[in-house]
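Structural overview
Here's the letter readout for the chains.
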Amino acid sequence: MAPITDSQIDDLKDLVHKLEARVHDLEHRLESGETKPSLVESMRLILIGPPGAGKGTQAPRIKDRYCICHLATGDMLRAQVAKKTPLGREAKKIMDQGGLVSDDIMINMIKNELDTNRECENGFILDGFPRTVAQAEGLDSMLQAESKPLKHAIELQIDDGLLVSRITGRLIHPASGRSYHKVFNPPKETMKDDVTGEPLIQRTDDNAETLKKRLSTYHEQTAPVVGYYKTRGIWAGIDASQDPEHVWKSILGVFGDSKTTSSSSGILSKIGLR
Ligand code: ADP
Ligand code: AMP
């Protein structure tokens, strides 16, 4: 182990002083009745990209870093399918054919979450929504009503040819939506979720044939959403064919958040010290 230096000790003392000052500040704000201290700037963003682009892989990292909610409409629909609700039964047919569930249903689903889910108080990341221009317009009007406009629309760009192997090798943990890949991101134990140890499954729509339909649905109905956000000046495109770590760095670049993950993803960044 390297010897301890005076400057390391000074750095630590400095950090402790800053920490104390920050705790005092937070206590003061709490006592003065400020209920929502803006420890991190509120973040509202969407991830756009074809199936397999990496939305579900990157979203949890964004969620953790900015303490915001992650709403994945595909996961929400799969929960309905699992519960065998009327919506779930209807949605399953559409999902297995690679089509889209109706705009009204999806807009209401998102509105309900944004209105009631406390995890979304500090912002949100939408994954798989909006998938049509009508959904984008619906989202805009609900956000305008709250004066909380979207900040970023990030497009994960990747050639269709690379998606077959990503989709056919994908494994998911249904309860959390966590995704793995048989080759690119295998679980620690075969077919088991790293966190809960529960079984992983392959989605019924994750096969080469349904993927073809999902991709044409994407190009026909979702690609225009990119143009919609380009005209609003909040679009950014990212090369999603890179490895996940590079994709993550590119995303941080869009946020102007260039600090390395090791030093800034922890408690210090959350309390505003890094
Ligand atoms: P999406 O949510 O956009 O449909 P996922 O995040 O579920 O896509 O990723 C699809 C599959 O590809 C998953 O099995 C995931 O582990 C894998 N994957 C995600 N990002 C990458 C990447 N950058 N390189 C290689 N494989 C990836
Ligand atoms: P995903 O998990 O994002 O790949 O979504 C799986 C399937 O759910 C899609 O192929 C669609 O059938 C349906 N779906 C998910 N999100 C939406 C949405 N915003 N609008 C319509 N259908 C959706």
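Quantities reported herein were computed from a predicted structural model and do not represent experimental measurements.

What follows concerns the packing of aromatic side chains. Counted by the stated rule, this structure contains two aromatic pairs. On the basis of an interplanar angle of 90 degrees and a centroid distance of 5.3 Å, the ring pair of tyrosine 66 and phenylalanine 255 is categorised as edge-to-face. Of this pair, tyrosine 66 sits in helix 2 (residues 55–66) while phenylalanine 255 is found in the loop between helix 9 (244–254) and helix 10 (261–264), placing the two residues 189 residues apart along the sequence. Look at phenylalanine 255 and you get buried, because its relative accessible area is 14%. For lysine 230, the ring lying beneath its charged end belongs to tryptophan 235, and the centroid distance is 4.5 Å.

Now for the pattern of salt bridges. Across all of its chains, the model carries 16 salt bridges by this definition. A salt bridge links aspartate 140 to arginine 232; the shortest N-O distance between them is 3.3 Å. With a gap of 92 residues between them, aspartate 140 in helix 6 (residues 133–145) and arginine 232 in the loop between helix 8 (208–231) and strand 7 (235–239) connect regions that are remote in the sequence. Residue glutamate 189 pairs with lysine 192 through a salt bridge whose shortest N-O separation is 3.5 Å.

This brings us to the pairing of strand 1 (residues 43–48). A large share of strand 1 lies buried, amounting to six of its six residues. Residues of strand 1 alternate between two faces, with Met43, Leu45 and Leu47 on one and Arg44, Ile46 and Ile48 on the opposite face, all of them buried. In the sheet, strand 1 pairs with strand 3 (residues 123–127) via five bridges, with the strands oriented parallel. Counterpart to arginine 44 in the pairing with strand 3 is phenylalanine 124. As defined by bridge partners, strand 1 adjoins strand 4 (residues 152–157) across four bridges and the pair is classed as parallel. Looking across to strand 4, one finds that leucine 47 is bridged to isoleucine 154.

Before going further, it helps to examine the UniProt feature "binding site: ATP" (unreviewed entry) in the protein chain. Mapped onto this structure's residue numbering, the UniProt feature "binding site: ATP" (unreviewed entry) falls at Gly52, Ala53, Gly54, Lys55, Gly56, Thr57, Arg170, Ser179, Tyr180 and Gln242. With respect to the element layout, glycine 52 can be found in the loop between strand 1 and helix 2. Owing to a relative accessible area of 13%, glycine 52 belongs among the buried residues under this scheme. Beyond its immediate stretch of four places on either side in the chain, glycine 52 contacts Leu163, Arg166 and Ile167. Considering the arrangement of structural elements, one finds glycine 54 in the loop between strand 1 and helix 2. Excluding its chain neighbours within four sequence positions, the residues that come into contact with glycine 54 are Leu156 and Arg166.

Each value, and the rule that gives it
- Residues numbered from 1 in each chain as written.
- Chains lettered and ligands numbered in written order.
- Predicted model: local features only at pLDDT ≥ 70, side-chain atom pairs only at ≥ 80, totals over all residues.
- Heavy atoms only, no water.
- Phe/Tyr/Trp six-rings, centres within 6.5 Å; stacked < 30°, edge-to-face > 60°.
- Helix = DSSP H or I, 4+ residues; strand = E, 2+ residues; numbered from the N terminus.
- Buried < 20%, exposed > 50% of the residue type's maximum accessible area, 1.4 Å probe, protein only.
- Lys NZ or Arg CZ within 6 Å of the ring centre and 35° of its normal.
- Salt bridge = Lys/Arg side-chain N within 4 Å of Asp/Glu carboxyl O.
- Pairing = 2+ DSSP bridges.
- UniProt positions renumbered as here; feature names shortened; annotations may be inferred.
- Contact = heavy atoms within 4.5 Å.

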